[in-house]
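Listed below, chain by chain, are the residues.
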Amino acid sequence: MKKISSVLLAFMMLFTSVFCANVAFADDMGKNTFQSAESLETGKVYNRPATEITGSYWFKFDSNQAGKFTLSLASNSVSTVEIYQNDDKNILDTVYVFGDKAQKKTSTKNFDFSKGTYYFKIVSIGDYTFSLSNYVCTHYFDVVTTAPTYFENGYSTYTCSLCGYSYKTAGDTKKKLKTPKIYSLKGGKKKITVNNSNNKVASGYQIKLSTSKKFTKKTTKTVKVKSSKSTVKKLKSNKKYYVKVRTYKTQNGKTVYSSWSKVKSIKTK
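Residues numbered from 1 in each chain as written. Predicted model: local features only at pLDDT ≥ 70, side-chain atom pairs only at ≥ 80, totals over all residues. Heavy atoms only, no water.

Colleague: Would you take a moment to explain the overall build of the protein for this structure?
Modeller: If you tally the helices and strands in the protein, you get one helix and 20 strands. Looking at the protein residue by residue over its 269 residues, the buried ones come to 38%. Contacts in the protein between residues at least 24 apart in sequence constitute 62% of all its contacts with a sequence separation of at least 6. (Helix = DSSP H or I, 4+ residues; strand = E, 2+ residues; numbered from the N terminus. Buried < 20%, exposed > 50% of the residue type's maximum accessible area, 1.4 Å probe, protein only. Contact = heavy atoms within 4.5 Å.)

Okay, structure coming up:
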């Protein structure tokens, strides 16, 4: 009850001050009114005008397009700002601040204004500062982490739950297929049987055979197989072949490969 009484007392003092000032200076033709409201610039900080004698002051803001704005009112006393659209009859909202001589207080509030003209009536029994700025979100991010695949790096997506702003940051690098090992090679009649390590995540294996240590284009044959144990046929008879193997993985039309295994050699029959 003591807290409520103090708030009511503050408002009584505020409006009594305004009423008395209006009576005392009713004939002052130079005072600020709704009709002569000062044009308000976004981002500019306004202090209590030195010419203010009525205890209230009007600002006018023309919103050329819809937007989000932040209103700020600070004072060492009891102050309010009433927000109107197009006229001075219907209040859209009111922002309060309860400051005191010992500590200045600030109240802020965000508004979504449509296109039109807005009026701000400030009532205060003391000094104040007032501003209307383009809204700048303080951002409260929800984070979703996407793990890397064999085709793309991982990343984290940050999305503000207040305004929807989103951005990504790099995560772990792409996964790499494990390099296979050739366990054994067996030479047959114009064929070679290759037995290499199995990789369950791979789509298959690529085997490269050449009669040259340098794997030149004319001497090299490349085949793709699904099994880790396979036979390559239609080779030259009684010929030494150099062999190496790598795994591959295909997804959505894309293919990635592991590094090549160490080279081993075998002779056909």
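Colleague: Would you mind going over the nonpolar core with me for this structure?
Modeller: Soluble globular proteins tend to bury their nonpolar side chains together. Ranked by size, the top nonpolar core spans 20 residues in total, and within it L71, F113, F120 and F130 carry the most contacts. At the level of secondary structure, the elements contributing two or more residues to this core comprise strand 3 (56–63), strand 4 (67–75), strand 5 (78–85), strand 6 (91–98), strand 7 (105–113), strand 8 (116–124) and strand 9 (128–134). Counting residues in hydrophobic clusters, the runner-up holds 15 residues, among them I192, Y205, I207 and V225. (Core = buried A, V, L, I, M, F, W, Y, C linked by side-chain atoms within 4.5 Å.)

Colleague: Can you walk me through a positive patch on the surface in this structure?
Modeller: Taken together, the side chains of K186, K191, K229, K233 and K269 define a basic patch exposed on the protein surface. Of note, K233 is situated in the loop between strand 17 (229–232) and strand 18 (240–251). (Patch = residues over 30% accessible without salt bridge, like charges linked within 9 Å, V, L, I, M, F, W, Y side chains within 5 Å. Areas by Shrake-Rupley, 256 points an atom, 1.4 Å probe, with all protein chains shown as cover. Salt bridge = Lys/Arg side-chain N within 4 Å of Asp/Glu carboxyl O. Lys, Arg positive; Asp, Glu negative; His and termini not counted. Charge placed at Lys NZ, Arg CZ, Asp CG, Glu CD.)

Colleague: Would you explain the side chain of S197 in this entry?
Modeller: Within the fold, S197 resides in the loop between strand 14 (191–196) and strand 15 (204–210). By relative accessible area, S197 is classed as buried at 14%. Discounting chain neighbours no more than four positions away, the residues touching S197 are P180, K181, Y183, Y205 and S228.

Colleague: Would you explain the packing of aromatic side chains in this entry?
Modeller: Any two aromatic rings considered together are summarised by their centre-to-centre distance and by the angle between their planes. On inspection of all chains with the given rule, the structure shows 20 aromatic pairs. With centroids separated by 4.3 Å and ring planes inclined at 45°, the aromatic side chains of F34 and Y119 adopt a geometry described as tilted. A residue pair is termed long-range when its members are at least 10 positions apart, and F34 in the loop between helix 1 (2–24) and strand 1 (38–39) and Y119 in strand 8 qualify at 85 residues. Each member of the pair, F34 together with Y119, is buried. Linked through ring pairs, Y46, Y57, F59, F61, F69, F111, F113, Y118, F120 and F130 together constitute an aromatic cluster. (Phe/Tyr/Trp six-rings, centres within 6.5 Å; stacked < 30°, edge-to-face > 60°.)

Colleague: Explain the pattern of salt bridges here, please?
Modeller: Here the structure, examined in full by the defined rule, presents three salt bridges. We note a salt bridge from K68 to D112, for which the minimum N-O separation is 3.5 Å. With K68 in strand 4 and D112 in strand 7, this residue pair connects regions lying 44 residues apart in the sequence. Note on D112: relative accessible area 62%, which makes it exposed.

Colleague: Mind showing me how you'd approach the sheet that holds strand 9 here?
Modeller: Strand pairing in a sheet is mediated by backbone hydrogen bonds. Such pairs are either parallel or antiparallel. What the four strands build is an open sheet, ordered 2-9-4-7; its pairing is antiparallel. Each end of this open sheet is capped by a strand with a single partner; those strands are strand 2 (46–47) and strand 7. (Pairing = 2+ DSSP bridges.)

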